[in-house]
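One letter stands for each residue in the lines below.
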Amino acid sequence: MDFNSLVYLGFFCAVAAVNYLLPKAARPWLLLVASYAFYLYDPRNAQLVALLLSATLITWACGLALERLTNPWVRRLFLCLSFLTCMGVLFFYKYYDFFGEALLGSYFTPLKLAAPLGLSYFTFASLGYAVDQYQGKYPPEKNLFRYALFVSFFPAIVTGPIEQGDHLLPQLKAPRPFDYDRCAGGLFRMLWGYVKTMVIAEAVSPYVRQVYSHPADYAGPYLAAAAVLFSLYLYMNFSGCCDLAIGSARILGYDLLENFESPFLSPTFRELWRRWHMSLTGWFRRYLYVPLGGSRKGLFRHCMNLLLVFLFSGLWHGADWGYLWWGLASGLLSVAGLLFDKALKRPKNPQPLPLPLRVLQVLRTYLLFSLVFVFFACALYGSSPAVMFAGMFKGWSGALPGLASGFVAAGLDAASARVALIGAAFVFACEALGNVSQWVRKLPFWVRWPLYYLLCLSILFFGAFGQSAYIYQQY
């Protein structure tokens, strides 16, 4: 059930209406039923719902056991049980074929299994909860059905954000009453997400898909443009989907973790990563980076820990060498940035630079990000990074005379380019002011309502209905 479909809108409106008609104590039950109905809507997931149930039941039971047990070896045994359950399922469905072919080559027979919807999200959420219980960070959830809702909450199970138990579980215990301002803010957040995914992302999607699927057919200018536009497409698609998830949850009375904080306004590569996919980077920081020692074990260990986090992040995204190369390249650039800051003895909170220099830094960081994400895009579209990078340096002189017609032939006409350029500039300008749904709600009604109508009209006139594919739902 895609967020941009009329089926989801009808489903969500019905759930939201019934949610506020029920007593508070009954609302989590409704949302649990709705979450499993959402999950089972796709027939492929109906056969694999046992995986979601097993991750839920085992990590919940282990959490209860970890609270009562005192023997350290027995506690580690229950933690290992949770780890093997979550990571075993994740490995089997996403990485069994990849590692089998890498290690055994032609002697290996791949299973070609389809990964269940939201596999990486619900396994990471439940495993994080088990680790928190092992560390005694907060009391375990005694109610199985409430914990099951935490793992399967339908706004977040498709593309995240990856929730943490100490953030969402307390909210599930005390559902909020209906609040007009919260619901209005949630509706605007959903509207904002639809504009980003259906209007801006889909304006460049055909071109990016076409060029990355056949990079050998295109000259350098088209490949370079595809690399730059893929970053825009990825951000608008992924952050827009997260806006839909956060807005849906907000209407229901719950706050999900923020996943983006204007990352493309960052002056450095390291700062961009602190603002990008924050629930995933926060998960790795909490459960991998800090346990490994973080920055407390000297500079060398600090660099190695950063590199490991990015490598695991690449592996989390999928079983493809492109994702691993992307993780390695991102990690090396982050380490280089760290060493550069250390060498120059830069303070953690430097004074802001003049606006022109900051703009140049932002553009440099965006271009660097786009180059690194060539590996990611090639893994996504099944193409070769070597062909992409080599092709970027070829055919510039021969392609320039017919450049405009070449873009049109590849799927990017003048109208789509204007929509993407103007829309992206508008989104970045609004997000530079902070949380858009918060400051927009504070505008006078004679400014706020025309903005609402403008965004709705942009979807009606320029939106790609029934075509948006959310990239991160496959991870």
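In this report, the structure presented in the accompanying data block is examined.

Glancing now at helix 2 (residues 27–40). Compared with the 20 Å implied by 1.5 Å per residue over 14 residues, the 20 Å span of helix 2 between its first and last C-alpha is a close match. For helix 2, every residue scored as buried is listed here: R27, P28, L30, L31, L32, A34, S35, Y36, F38 and Y39.

Looking now at the packing of helix 7 (residues 119–135) against helix 8 (residues 144–152). Running from N to C, helix 7 and helix 8 cross one another at 135 degrees; their axes reach a closest spacing of 8 Å. Our classification of the angle between helix 7 and helix 8 gives oblique. Between helix 7 and helix 8, the residues in contact are F122, A125, S126 and Y129 and Y147, F150 and V151, respectively. Its residues placed into classes, the contact of helix 7 with helix 8 shows six nonpolar, one polar and no charged.

Bringing a nonpolar patch on the surface into the picture now. On the surface, a nonpolar cluster with roughly 870 Å² of combined accessible area is contributed by F178, Y180, F445, W446, V447, W449 and Y453. With five residues, the top contributor of residues to the nonpolar patch is helix 23 (residues 445–462). Given the relative accessible area of 58%, W446 is considered exposed.

It is worth spelling out the side chain of R75 at this point. Mapped onto the secondary structure, R75 falls in helix 5 (residues 72–94). Polar side-chain contacts of R75 include one of 3.1 Å to the backbone oxygen of Y134. In this structure, R75 is in contact with L66, L69, T70, Q133 and Y134, ignoring residues within four places of it in sequence.

Right, let's talk about helix 6 (residues 96–104) for a bit. Those residues of helix 6 lying buried are D97, F98 and G100. Buried residues along helix 6 sit in contact with helix 16 (321–344). Positive phi appears at G105, one or two residues downstream of helix 6, with a value of about 60 degrees.

Attention now goes to the pattern of salt bridges. Per the stated rule, a full pass over the model turns up 14 salt bridges. Across the salt bridge formed by D243 and R189, the nearest N and O atoms sit 2.7 Å from each other. On the criterion of sequence distance, the pair formed by D243 in helix 12 (residues 220–252) and R189 in helix 11 (residues 180–213) is long-range, its members being 54 residues apart. In this pair, the class of D243 matches that of R189, namely buried. One salt-bridge network, held together by shared partners, links R189, K196, D243, E258 and E431.

A separate point is the environment of W60. Structurally, the position occupied by W60 is in helix 4 (residues 49–68). Its relative accessible area of 17% is what places W60 among the buried residues. Sequence separation between W60 and R418 is 358 residues; the distance between their C-alpha atoms is 51 Å. In this structure, W60 is in contact with Y129, E141, K142, N143, L144 and Y147, ignoring residues within four places of it in sequence.

The rules behind these values
Residues numbered from 1 in each chain as written. Predicted model: local features only at pLDDT ≥ 70, side-chain atom pairs only at ≥ 80, totals over all residues. Heavy atoms only, no water. Helix = DSSP H or I, 4+ residues; strand = E, 2+ residues; numbered from the N terminus. Expected span 1.5 Å × (residues − 1). Buried < 20%, exposed > 50% of the residue type's maximum accessible area, 1.4 Å probe, protein only. Axes fitted to C-alpha atoms, helices over the stretch in contact; angles between N-to-C directions. Parallel < 35°, antiparallel > 145°, perpendicular 65-115°, else oblique. Contact = heavy atoms within 4.5 Å. Nonpolar A, V, L, I, M, F, W, Y, C, P; charged D, E, K, R; others polar. Patch = residues over 30% accessible without salt bridge, like charges linked within 9 Å, V, L, I, M, F, W, Y side chains within 5 Å. Areas by Shrake-Rupley, 256 points an atom, 1.4 Å probe, with all protein chains shown as cover. Salt bridge = Lys/Arg side-chain N within 4 Å of Asp/Glu carboxyl O. Polar contact = N/O pair within 3.5 Å; in protein donor to acceptor, adjacent residues only side chain to side chain.

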